[in-house]
Amino acid sequence: MNMLNRAQYLTTWASQALKCPNMVVISFSFESSFLVKYLLFLFRLNNSFFFLFTLVEIKIHNTMKLFKNHAFKLAIFAVAAVFMMSSCDELTENTKQTIKFNADDMHFSIDSVIFTQNKATTANVEVFNDVIDLSDALSNTDYSVDDIQNISVTEATIVVEAPQGLDLSLFQGTTFHLGEGQTKVAEITGVDAGAQSVTFTIIDGDILSYINANDEVQVMIMMDENTTLPTSTVDLILQTAYQAEVEIL
């Protein structure tokens, strides 16, 4: 195996070890009186990093006999390969960023008469059904829905607007659903006495697959049929928070 092949092997090994398929190795050989030069180019193409590592094998001038030593050149190539091994992961990681943001408050009301009628025909009564516009929610950030790689709902809270002093234990067992399939992703499992808000326990916060073509996520809240509302109308606010991993390049 000649020196150039060894260099190619080392760099290819680094690429495979990192599972970095976008690394490209191109080699040239020509006569020159200059020292060995290594060029590392980093550029972006179609939102991916491509690495062009040009290995130049040079016939060194007689006065630079030290660089004729094959073991020395092999050591240089090995160092370059290690450098590329560390750079691949670091650069890939640096192209992503985690952001946190909130959607606008969503106001809704539960009519006790309609609720009583509906619970006679179903075990889980739908009390809220709307969509969250993620494009609007992201408007205060530097990113759009197209930049999102992963996204989760991290918090969902119901706040009472009226009547004041409402016993929130009636929300025990209330569930939070996403998408047309009404997948349950959160549930209220405990309510503090005297609280004016209650927070869902997240079961599975991943919402990426629920984003529709309009960059919206359908959200539903369902209450247990055994729930009894104490007044004719309950005014509530749904507050939601999110965490997303976004592509920054």
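Because the structure is a prediction, the values reported are computed rather than measured. (Residues numbered from 1 in each chain as written. Predicted model: local features only at pLDDT ≥ 70, side-chain atom pairs only at ≥ 80, totals over all residues. Heavy atoms only, no water.)

**As for the overall build of the protein chain**
Looking only at helices and strands, the protein chain features four helices and 13 strands. By residue count, 37% of the 249 residues in the protein chain fall in the buried class. Sequence separation of 24 or more characterises 76% of the internal contacts of the protein chain that already satisfy a separation of 6 or more. (Helix = DSSP H or I, 4+ residues; strand = E, 2+ residues; numbered from the N terminus. Buried < 20%, exposed > 50% of the residue type's maximum accessible area, 1.4 Å probe, protein only. Contact = heavy atoms within 4.5 Å.)

**Description of the pairing of strand S8 (residues 175-178)**
The two faces of S8 match: Thr 175 and His 177 on one face and Phe 176 and Leu 178 on the other face are all buried. Note: S8 against strand S9 (residues 183-187), four bridges, orientation antiparallel. Bridge assignment links Thr 175 to a residue of S9, and that residue is Glu 187. Counted along the chain from S8 to the antiparallel partner S9, the turn is four residues long, and its residue Gly 179 has a positive phi close to 80°. In this structure, S8 lies alongside strand S12 (residues 216-224), joined through four bridges in antiparallel fashion. Within the sheet, the bridge partner assigned to Thr 175 lies in S12 and is Met 222. (Pairing = 2+ DSSP bridges.)

**Quick notes on the confidence of the model for the protein chain**
Per-residue confidence for the protein chain gives a mean pLDDT of 74, with 62% of residues at or over 70. Considering only residues more than four positions removed or in separate chains, one finds that residues 1-64, a stretch of pLDDT under 50, has 120 contacts. (pLDDT = per-residue confidence, 0-100.)

**Quick look at the side chain of Thr 227**
Structurally, the position occupied by Thr 227 is in the loop between S12 and strand S13 (233-247). Excluding its chain neighbours within four sequence positions, the residues that come into contact with Thr 227 are Phe 115, Lys 119 and Leu 170.

**Describing the pattern of salt bridges**
Pairs can form between side chains of opposite charge once their charged atoms are near each other. Within the structure shown, the criterion is met by one salt bridge. Among the ionic pairs, Glu 187 bridges to Lys 184, the shortest N-O distance being 3.5 Å. The class of Glu 187 is partly exposed, set by a relative accessible area of 23%. A residue is classified by how much of its surface remains accessible, and Lys 184, at 38% relative accessible area, is partly exposed. (Salt bridge = Lys/Arg side-chain N within 4 Å of Asp/Glu carboxyl O.)

**Structural notes on the packing of aromatic side chains**
Throughout the structure, instances matching the rule amount to three aromatic pairs. With centroids separated by 5.5 Å and ring planes inclined at 20°, the aromatic side chains of Phe 101 and Tyr 242 adopt a geometry described as stacked. Here Phe 101, found in strand S4 (residues 96-102), pairs with Tyr 242, found in strand S13; they are 141 residues apart in sequence, far enough to count as distant. For the pair formed by Phe 101 and Tyr 242, the shared burial category is buried. (Phe/Tyr/Trp six-rings, centres within 6.5 Å; stacked < 30°, edge-to-face > 60°.)

**Focus: the environment of Ile 207**
Along the chain, the position of Ile 207 falls in the loop between strand S11 (201-202) and S12. For the pair formed by Ile 207 and Gly 179, sequence separation is 28 residues and the distance between their alpha carbons is 9.0 Å. With sequence-adjacent residues up to four places away left out, Ile 207 is seen in contact with Ile 151, Ser 152, Val 153, Leu 178, Val 217 and Tyr 242.

**Looking at unusual backbone geometry**
Between Ala 162 and the following residue, Pro 163, the backbone shows a cis peptide bond with an omega angle of 0°. Along the chain, Pro 163 turns up in the loop between strand S7 (148-162) and S8. With a phi close to 55°, Gln 182 is a non-glycine residue in the positive phi region. With respect to the helices and strands, Gln 182 occurs in the loop between S8 and S9.

**Considering the pairing of strand S5 (residues 106-111)**
Of the two faces of S5, only the one carrying Met 106, Phe 108 and Ile 110 is buried; His 107, Ser 109 and Asp 111 on the other face are not. Pairing of S5 with S13, which is carried by six bridges, proceeds in the antiparallel orientation. Of the residues in S13, the one forming a bridge with Ser 109 is Asp 235.

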